[in-house]
Structure formats: C-alpha cells, structure tokens
Amino acid sequence: MPQTIAVLDFGSQLTQVIARRIRECQVYSKIYHFATPAAKLREDGVVGIILSGGPQSVYAKTAPHPDPAIFELGVPVLGICYGVQLMGHFLGGKVALSKEREYGHGHLTIKQPGKLFAGLPRHLRIWNSHGDKLTKLPPGFKATAISENSPFAGIEDPKRRFYGIQFHPEVFHTERGVDMIRNFLVGICRARQDWTTKDFIAHAVADIRAKVGKGRVLLGLSGGVDSSVAAALLHKAIGKQLTCVFVDNGLLRKDERNYVESLYKRNFKIDLRVVDASKLFLRRLKGVTEPEQKRKIIGRTFVAVFEQSLKSIGHAEFLGQGTLYPDVIESVSIGNNPASLIKTHHNVGGLPKRMKLKLIEPLRELFKDEVRQVGAALGLPKEVVWRQPFPGPGLGVRVMGDITADKLEILRNADFVLQDEMMKSGFYWKVWQSFAVFLPVKTVGVFGDERTYDYVVALRIVESIDAMTADWAKLPYDLLQKISSRITNEVRGVSRVVLDISSKPPATIEWE
Ligand code: XMP
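Residues numbered from 1 in each chain as written. Predicted model: local features only at pLDDT ≥ 70, side-chain atom pairs only at ≥ 80, totals over all residues. Heavy atoms only, no water.

### Quick look at the domain arrangement of the chain
As a reminder, the rule being used: Residue ranges for the domains originate in an automatic or database domain assignment.
Splitting the chain by domain gives domain 1 (4–188), domain 2 (197–385) and domain 3 (399–499). Summarising the inter-unit geometry, the C-alpha centres of domain 1 and domain 2 are found 38 Å apart.

Here it is, written out as structure tokens:
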C-alpha cells in the first residue's frame, strides 16, 4: 500500500484538482469526506492531510467541520483557503465574516520561505477565491507571506507542522503552485514518491490475481479508453481467465468492429466474443425519434443482449468494469461540486446483482490521465489511449430523428472522411471531439450537370477540458474546405456540409 495523503473535501470544485496535483508529484492521494474520523485516517496510514477549499463560511450553520482530532494525529496539515479558516477557527485564531468574495489574480510576497515556500522566488502571481478572512493568527503560528489584501496569505506553525495558505496552489494561475504542494508532500510530510505507473501496474496485477484466484472475469468492451485499459490490465493479470464481450449495436463507426477484433483478438490474444445484435437494435429503434426514448431503448437492449450472451459464454464469478476514480468519489452534498456529478455511462445497470457477479474495478483509483499512462505502458496503441470520447448510444444520437440503415451508412462514410482528415492534419489529437451529425433535411445541389436533392451533414468539432463546457474549434479554413469537398465528393447522399459554431452552454456537444 503506498503512503497516502488525505484530501478532506469541504465542497470545493477544486478538490479533485488538488488530488491530481499530488499524484503528479508521484505521491498517492485520496479524497475523504470532510468529517472522516481521525481514527480512520490513522488506520489508513495517512502521512499528511490537506484541507480543501469550500464555498461556505466557517460560521455558517451548515458549515462542514472536520473531526477536531485530526489536529492531534501528529501528521502535517495544510489548509487551503476555507481550510486555512478552519485552522484559524479550530486552533484559536479569528476569522472575519465577509459578504464579498475575493476572486481572481493576486500578488504574493514571501517574507519567510520556511519549508513550504522553499526554493521559490519572493514574488509570485496567485489565484484567490475566498470569502472570509483570517484576522488573528492561532497561537504558535506566524505569517510567512502576505498579499495585497491579507497579512496572512501564508502561515505556519513549523513545530506542529501546520501550514496554511489563503490562495489556491492547485490551479495553473498560481505560479509555482505545484512546487508548494510538492514542498508540503516531500519536504514536510516526507511522503515517498512511489506512485508511478509501473508500481501501480505491479500492485494492480497482484491485487487482481489475489481477488480472482482461479475464477473467471467477464468484461464488456466498448472500445473506449476505460474499458480497453481495464481489459489490458485484467489480461496481463489473469490471461485466459478473462473473457471480453463486444456488442455490435449497429450504431458503431465505420470499421470499428473489425478494429476492435483485430486489436484484441489478434494482437493481444484476448478471448473476445463479438455479439452482432445490430438487427435487434435497429428493429427496436425503428420509427423512434425522441432522443431520450432512443437512449433508453439502446441502454435496455444493451443490457438484454449482454445478459443473453453470458448464457452461452458459461459461468463466471466476476464482472470487470472500467470505473474511474471520479465516478467513485463520494459526493459531498454541500456547495456545487460538478465534478462529482459526472456519472459513468458504461455501467450495465443491475446486471451484477441479478447475475450474482462480483464487481472487479481495477481502475477505480485512477484519474483519466493516469488511465491513459497505464494503457500506454501496457502497450495499447496511441489511437486507443488518446481516443476521443464516444457516447454509449453511438451514432444513435448523431442521426437526428428516426434511425435507418441508410442514414447510418451515410453518416459513417461522412464521419470517416472527417476523422481521416483530422488524423492526417494532427488536429484529431488537439481537439476534444470531432464528429459528423446526420441531418434529415434535404436541400438542392448540383453535381456535374445534374440537379441533386440530398441530405445535410453537420461537422461538430469542439475544444474542452472536461465536457462540462466546450467551445467550437477554430480549424484552418483550408482543412475545413478539404473535409467539406471530400464529403460531398465521396459520400453519396450528401450535397451540403455545414459547420456547427455553437458553444456549450447553451448547446450541448452531442446534438441529441
Ligand atoms: P453533451 O452532449 O452532454 O456531452 O455536451 C458531454 C460528453 O458526454 C458524451 N455523451 C455521452 N456519453 N453516453 C455516453 O457514454 C451518453 O448517453 C452520452 N451523451 C453524451 C459526449 O460525447 C461528450 O463527450
């Protein structure tokens, strides 16, 4: 078990970012509910605690408070923003209520570097976002840094190894913020930097083997990053005891099924069962136009097909899933924590319970970027590891209105041209998502000497960090021109290509 830094979550939107920054320093971090008993932290071998920011005032009736005994554990504590006010409140200082939030860029002047600011320049740009302010230091503390609005922008009690900063070191707007975090982890907590991809894989393989024994694991492979990496990791651990099921729902992209088969069956020698259920899906979707209805039908049919396919595969004890850390972090129901609202779309409903399968989730400790590193280390190609997200309902939500085989074929061909040009130009790796959308609208065109009356395809190409917000990508005109002319030339049934220039919000990334 690696040494753990506990991040107590007081409801900041940035809690996950703190946990990630810690891991970027090769130290293992775990997010805990703010009221986690100190005894539990001790039991988990926690070597340092970070108190996250949060939207509340420490005096508010509903303010989240930690177990005061965390200050008696004898491990270093770093309070960030709301966290520093908590330290003031619990350790005998004073916190002033403030109606307005101080938000945005600020300037830090370091007076006494101590261990937290060791090796840093005296003046740094910082990022603030706080309401209340510390106005009197708790006994034993001294100020180490000031900002234009606070004489206590940085504080410390080096004897007890308690540190506090009023600003946010975890965001990129704070210069050298990661160095402050690393100073806390390595210089103050003396945490081992043993959280590396290689070590993770070795731990995970040993864990899986111990858990599975001689049992058998089933895994629904979608071809996306998460399930692909889960498959590769499980395969490394238990080889033939893993069986993967890939459901062709008829809503896949061009050649997707062949690609998945050749990658996993031929290259990785994974026991992969491909179930062709495309006819069933298309039959059930016939005439359905309402997006939510389509999604429900696709989800339900997937579960039914998966369940059915297990009957022919034979007995298994475990169901593998590519669940990631953001999906399992206990949601703190204070403030607004959008990150905790992202849900996994790939779970297979109540299946594990009904089939009496135990869940095995080898990626549940990892963030997405860590999953990618593990995938690359396990030998998965770049196209899989850095693949753009693809929605569970597939092309079903990219053919507007009712879905037919003909429309799907047109969309597949147009999307193929788009991806081909995105790959060739390298822009595929620079944008969040790029895909084509089929519009059931016919418009007039000319092709050669002939009048045509054909469909419209829209290009949706967006930049985003986390899909919560997105902006349309400003690709070079000559690339857009090439994509458009290739689609109208090569794809029968399309006479017009349009570009979606809406951002999210108010538009979503997918059209349905
Ligand atoms: P929206 O359209 O809500 O999409 O802006 C945000 C991100 O989620 C993906 N998406 C889905 N993924 N099942 C999925 O697995 C779904 O039903 C689904 N709908 C949207 C979308 O591609 C984008 O990355």
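From this point, things continue past the structure.
### Description of the sheet that holds strand β15 (residues 318–320)
Quick reminder of the rule: A pair of strands counts as paired when DSSP detects no fewer than two bridges linking them. Only DSSP runs of H or I covering at least 4 residues are called helices, and only runs of E covering at least 2 are called strands; the numbering of each starts at the N terminus. All axes here are fitted lines through C-alpha atoms, helices being fitted over the stretch that makes contact, and every angle between N-to-C directions spans 0 to 180 degrees.
The five strands lie next to each other as β14-β13-β12-β15-β16, forming an open sheet whose pairing is parallel. The open sheet has two free edges, formed respectively by β14 (271–276) and β16 (358–360), since each of these has just one partner strand. Neighbouring strand axes in the sheet, compared pairwise and without regard to direction, differ in orientation by 30° on average. As judged from the three bridges shared by β15 and β16, these two strands associate in the parallel manner. In the sheet register, Leu319 faces β16, and the bridge partner there is Leu359.

### Regarding the nonpolar core
Note the cut-off: Buried residues of nine kinds, namely Ala, Val, Leu, Ile, Met, Phe, Trp, Tyr and Cys, make up a nonpolar core once their side-chain atoms join them within 4.5 Å. Relative accessible area decides the class of each residue, using a 1.4 Å probe on protein chains only: under 20% of the type maximum gives buried, over 50% gives exposed, and in between gives partly exposed. The contact criterion used is simple: two residues touch if any of their non-hydrogen atoms lie within 4.5 Å.
By size, the foremost hydrophobic cluster in this structure holds 46 residues, and its most contacted members are Leu459, Ile461, Leu475 and Ile487. Elements supplying a minimum of two residues to this core: β13 (242–248), α8 (278–285), α9 (291–313), α14 (405–425), β17 (433–447), β18 (450–463), α15 (477–490) and β20 (494–499). If sequence neighbours within four positions are ignored, Leu475 has contacts with Met422, Phe427, Val431, Ile461 and Leu480. Counting 41 residues, the second largest nonpolar core, distinct from the first, contains Val229, Cys244, Tyr264 and Leu324.

### With respect to the site of the ligand
Operational definition: Distances are taken per atom, and a residue is near a molecule or strand as soon as one of its heavy atoms is within 4 Å of it. Pairs of N or O atoms within 3.5 Å make up the polar contacts considered here, provided that, within protein, one atom can donate a hydrogen while the other can accept it, and that residues adjacent in sequence are counted only when both atoms are side-chain atoms. Residues are grouped as follows: nonpolar covers Ala, Val, Leu, Ile, Met, Phe, Trp, Tyr, Cys and Pro; charged covers Asp, Glu, Lys and Arg; every other residue, Gly included, is treated as polar.
In the vicinity of the ligand lie 13 residues, with Arg295, Gln433, Lys504, Ile509 and Glu510 positioned nearest. Contact distances for the ligand include 2.7 Å between a nitrogen atom and a side-chain N or O atom of Arg295. One nitrogen or oxygen atom from the main chain of Ile509 is found 2.8 Å from an oxygen atom belonging to the ligand. Among the residues forming the shell around the ligand, the class breakdown is six nonpolar, four polar and three charged.

### Brief notes about the pairing of strand β3 (residues 46–51)
Counting buried positions along β3 yields six of six residues, so the element is predominantly enclosed. As paired strands, strand β1 (residues 4–9) and β3 are joined by five bridges and run parallel to one another. Across the sheet, Ile5 pairs through a bridge with Gly48, a residue of β3.

### Focus: the pattern of salt bridges
Basically, it comes down to this: Salt bridges are defined as contacts in which a side-chain nitrogen from Lys or Arg sits within 4 Å of a carboxyl oxygen from Asp or Glu.
Under the defined criterion, the tally for this structure stands at 29 salt bridges. With a closest N to O distance of 2.4 Å, Arg364 and Glu361 form a salt bridge. Overall, Arg364 belongs to the partly exposed group, its relative accessible area being 36%. For Glu421, the salt bridge goes to Arg486, with nearest N and O atoms at 2.7 Å. In this pair, Glu421 is assigned in helix α14 and Arg486 in helix α15, connecting sequence segments 65 residues apart.

### Brief notes about unusual backbone geometry
Peptide bonds are trans in most cases, and residues, glycine excluded, mostly fall at negative phi. Omega for the bond connecting Lys504 with Pro505 falls within 30 degrees of zero, at -10°, which places this linkage in the cis form. Relative to the helices and strands, Pro505 resides in the segment after β20. Here the residue pair Pro505 and Pro506 is connected by a cis peptide bond, since its omega of 10° sits within 30 degrees of zero. Relative to the elements of secondary structure, Pro506 occurs in the segment after β20. Phi is positive for Gln26, close to 60°, though the residue is something other than glycine. With respect to the helices and strands, the residue Gln26 is situated in the loop between α1 (15–24) and β2 (28–33). By relative accessible area, Gln26 is classed as partly exposed at 35%. Positive phi is not limited to glycine here, since Cys81 has a value of about 60°. Relative to the assigned elements, Cys81 resides in the loop between β4 (77–80) and α3 (82–91). In this structure Cys81 comes out as buried when scored by relative accessible area, which is 2%.

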